[in-house]
Amino acid sequence: MYLLATALFAPPLLLANSPSLSHDGTFALTGSDVLATDRFSRSLSGYEKEFYKATGYPHGDAPPVIVVLRETSDAVNLPGGHAVLRVDAVEGNSLRIQVDISKDSTGDPSTSMKLVQAMLLREYYNGKAPLSGSQIPDFPPWLLHGLGKLSKPDAKIAEIPSSYLKGSAPPTIADFLIQKATDDSNGSLLDIYDSTAANLLIAGLKSTGGEKSFQGWIGRFDPQSPDRGPSSWPRGWSMQSVERRWLLLMAHNSGEDSDSTSLLGVDETLGRYDQILQEVTTPDHSLALLKKQKGEAFLIGELSSRFIALRLQANPVAIPLLDEVIHLCSKLKKLPDKKIREKEKNLLSMRQETKKRAQAIEAYLDWIEAAKLPVRSGLFDKLLKSSDSSVQKGPIGRYLDTVEARGW
């Protein structure tokens, strides 16, 4: 679909405040409510930052997009109270892109879509005004939904149900491109659609040459050629490779098995154990001195909670060490300093023994893998092959070789 551009003189903005530019000059914001305008000005700076970060566009010097923040009473002329986008050729053959937004709908997904659409049109026209009566290219809905999600400051990608992780047929890009976006009446479904589109956009932009292909797909306005909107999919993006990356991204954000506990390796368990102890603020990270700190009950309780949380993910080899330190934390306030220092020395010895035991287990499992398993994984094949060694011969050996060669 296309929007219609009309050549006209832009009506003056009858608002009390002069426009304020966003950080990089992409937007010029004006509105009668000073506080609301100031807050939304910071949001617009976030929009432009995330937009350029995602798309890879350089910061150009095209005229800024004019954003008018309307009072709620003025929003009766806005369809559904949402944002409205206009593209005009004004006096002097210059371009004017304007977005009118109700101050009560600045956080709506439709507002994000209109803002990124305006930024895309700003890049497309690059300061050149459309001809009178010409058609303004519209962009595929999935692009506006996805880029609107990525460009909104502090927006989070929603968890996406991924039944294909359990054996169902995975979604395809071809099907998603023709899928109709959910309307605003169901916020949860709309958030899932926007997040799915955002993942698709990330997968394409992060592919080889993705940003360059994207910018070529959006194109640049040429007054000598007819206007045309971009196709539903960038030609430079390999749908097959992008689809694989897209499915992986959605699986990562699927929330599947979010309640399950993952098992850490021994090195990672000990690394987190060390980090917890190193964050104890006493000299030499002493537990004996911790109980003399102000608010010692809270500090000891917090320390114990962190070790208990680590135990839920710890490697079984490190469980005795964690049990010992958790037990020490529970008795810390009652034990004398001398006893605590003895316990700390025991913990240090236990940590070293845990490391040695883990290395011994790993070496034994490597030996089993290399020597005993009937079907090997191939990881040790290079080590099992004996290298060809050249025989070092002395004078006697060389003399015997000469005699043997003569047939004596």
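Residues numbered from 1 in each chain as written. Predicted model: local features only at pLDDT ≥ 70, side-chain atom pairs only at ≥ 80, totals over all residues. Heavy atoms only, no water.

Peer 1: Can you tell me about helix H3 (residues 141-151), naming the residues and giving the values?
Peer 2: For an α-helix, 3.6 residues make a turn, and residues three or four places apart therefore share a direction. With respect to burial, H3 is a largely interior element, ten of its eleven residues being buried. Elements that come into contact with the buried residues of H3 comprise helix H1 (34-55), helix H2 (109-125), helix H4 (173-177), helix H5 (187-205) and helix H6 (210-218). (Buried < 20%, exposed > 50% of the residue type's maximum accessible area, 1.4 Å probe, protein only. Helix = DSSP H or I, 4+ residues; strand = E, 2+ residues; numbered from the N terminus. Contact = heavy atoms within 4.5 Å.)

Peer 1: Quick one: what's the story with the packing of H5 against H6, residue by residue and with numbers?
Peer 2: H6 packs onto H5 with a crossing angle of 110 degrees between their chain directions and a minimal axis gap of 7 Å. Taken together, the axis directions place H5 and H6 in an arrangement best described as roughly perpendicular. Residues Leu201, Gly204 and Leu205 of H5 pack against Gly210, Glu211 and Phe214 of H6. The residue inventory of the contact of H5 with H6, partitioned by class, reads three nonpolar, two polar and one charged. (Axes fitted to C-alpha atoms, helices over the stretch in contact; angles between N-to-C directions. Parallel < 35°, antiparallel > 145°, perpendicular 65-115°, else oblique. Nonpolar A, V, L, I, M, F, W, Y, C, P; charged D, E, K, R; others polar.)

Peer 1: I'd love a proper account of the side chain of Thr55, names of residues and values included.
Peer 2: Relative to the elements of secondary structure, Thr55 occurs in helix H1. Residue classification places Thr55 among the buried positions, given a relative accessible area of 0%. In terms of polar contacts, Thr55 uses its side chain to reach the backbone carbonyl oxygen of Phe51, at 2.8 Å. Once residues within four sequence positions are removed from consideration, Thr55 is found in contact with Leu147, Glu211, Phe214 and Gln215. (Polar contact = N/O pair within 3.5 Å; in protein donor to acceptor, adjacent residues only side chain to side chain.)

Peer 1: A description of the pairing of strand E4 (residues 27-31) should follow, citing residues and the corresponding values.
Peer 2: Taken across its five residues, E4 has five buried, putting it largely inside the fold. A two-sided burial pattern is seen for E4, the buried positions comprising Phe27, Leu29 and Gly31 on one face and Ala28 and Thr30 on the other. Bridging between strand E3 (residues 20-21) and E4 involves two bridges; their strand directions are antiparallel. Paired with Ser20 across the strands is Leu29, a residue of E4. As consecutive antiparallel partners, E3 and E4 are separated by five residues, and within that stretch Gly25 has a phi angle of approximately 80 degrees, a positive value. Bridge count between E4 and strand E5 (residues 65-70): five bridges; the pairing is parallel. Note on E5: the bridge partner recorded for Thr30 is Val68. (Pairing = 2+ DSSP bridges.)

Peer 1: Please set out the confidence of the model for the chain residue by residue, giving values where relevant.
Peer 2: With 77% of its residues at a pLDDT of 70 or more, the chain has an overall mean of 80. This stretch, residues 1-16, has a pLDDT under 50; its non-local contacts, to residues over four places away or in other chains, come to 41 contacts. Predicted confidence for residues 257-261 stays below pLDDT 50, and this span has two contacts to residues more than four positions away or in other chains. (pLDDT = per-residue confidence, 0-100.)

Peer 1: Quick one: what's the story with the pattern of salt bridges, residue by residue and with numbers?
Peer 2: One pass over the full model with this rule turns up 14 salt bridges. We note a salt bridge from Asp88 to Arg86, for which the minimum N-O separation is 3.9 Å. Two residues, Asp323 and Arg311, come together in a salt bridge whose shortest N-O distance is 2.5 Å. Here Arg311 lies in helix H10 (residues 296-313) and Asp323 lies in helix H11 (residues 319-331), a separation of twelve residues in the sequence. (Salt bridge = Lys/Arg side-chain N within 4 Å of Asp/Glu carboxyl O.)

Peer 1: Report on the packing of aromatic side chains, specifying residues and quantitative values.
Peer 2: Tallied over the entire structure, the rule returns 14 aromatic pairs. Cluster of aromatic residues (ring-pair linked, three or more members): Phe51, Tyr52, Tyr57, Trp142, Phe214, Trp217, Trp233 and Trp237. (Phe/Tyr/Trp six-rings, centres within 6.5 Å; stacked < 30°, edge-to-face > 60°.)

Peer 1: So what's going on with the nonpolar core? Which residues, and what values?
Peer 2: With 57 residues, the main nonpolar core has Leu120, Trp142, Leu143 and Phe214 as its most contacted residues. Looking at this core element by element, the count peaks at nine residues for H2. The contacts of Phe214, once residues within four sequence positions are left out, are Thr55, Tyr57, Leu120, Leu143, Leu201, Leu205 and Trp237. Residues Leu322, Ile326, Leu328 and Cys329 belong to the second largest nonpolar core, which totals 28 residues. (Core = buried A, V, L, I, M, F, W, Y, C linked by side-chain atoms within 4.5 Å.)

Peer 1: Residue-level account of the environment of Ser105, with values.
Peer 2: Along the polypeptide, Ser105 turns up in the loop between strand E7 (94-102) and H2. Ser105 sits in the buried class, given a relative accessible area of 3%. Along the chain, Ser105 and Thr72 lie 33 residues apart, while their C-alpha atoms are 9.3 Å from each other.

Peer 1: Give a description of the pairing of E5 that names residues and reports values.
Peer 2: The element E5 is largely enclosed, with a buried count of five among its six residues. In this fold, the crossover linking E4 to E5 by way of H1 has left-handed handedness. Here five bridges tie E5 to E7, and the two strands are oriented parallel to one another. Residue Val67 lies in a different strand from E7, and its bridge partner there is Val99. (Right-handed = clockwise from strand over helix to strand, strands pointing away.)

Peer 1: Give a detailed account of the packing of H10 against H11, specifying residues and quantitative values.
Peer 2: Put simply, H10 and H11 touch, their axes get as near as 9 Å, and they point 160 degrees apart. Taken together, the axes of H10 and H11 are roughly antiparallel relative to one another. With respect to the hand of their crossing, H10 and H11 are arranged in left-handed fashion. Side by side, H10 and H11 meet where Ile300, Leu303, Ser304, Phe307, Ile308, Leu310 and Arg311 of the first sit next to Ile319, Leu322, Asp323, Val325, Ile326 and Cys329 of the second. Residues that form the contact of H10 with H11 fall into these classes: ten nonpolar, one polar and two charged. (Left-handed = near helix turned anticlockwise from the far one by under 90°.)

Peer 1: So what's going on with unusual backbone geometry? Residues and values would help.
Peer 2: The backbone of Asp154 sits at a positive phi, close to 65 degrees, despite the residue not being glycine. With respect to the helices, strands and loops of the structure, Asp154 is situated in the loop between H3 and H4. One non-glycine residue, His285, adopts positive backbone phi at about 55 degrees. Here His285 is to be found in the loop between helix H8 (266-278) and helix H9 (287-290). Given a relative accessible area of 35%, His285 falls into the partly exposed group.

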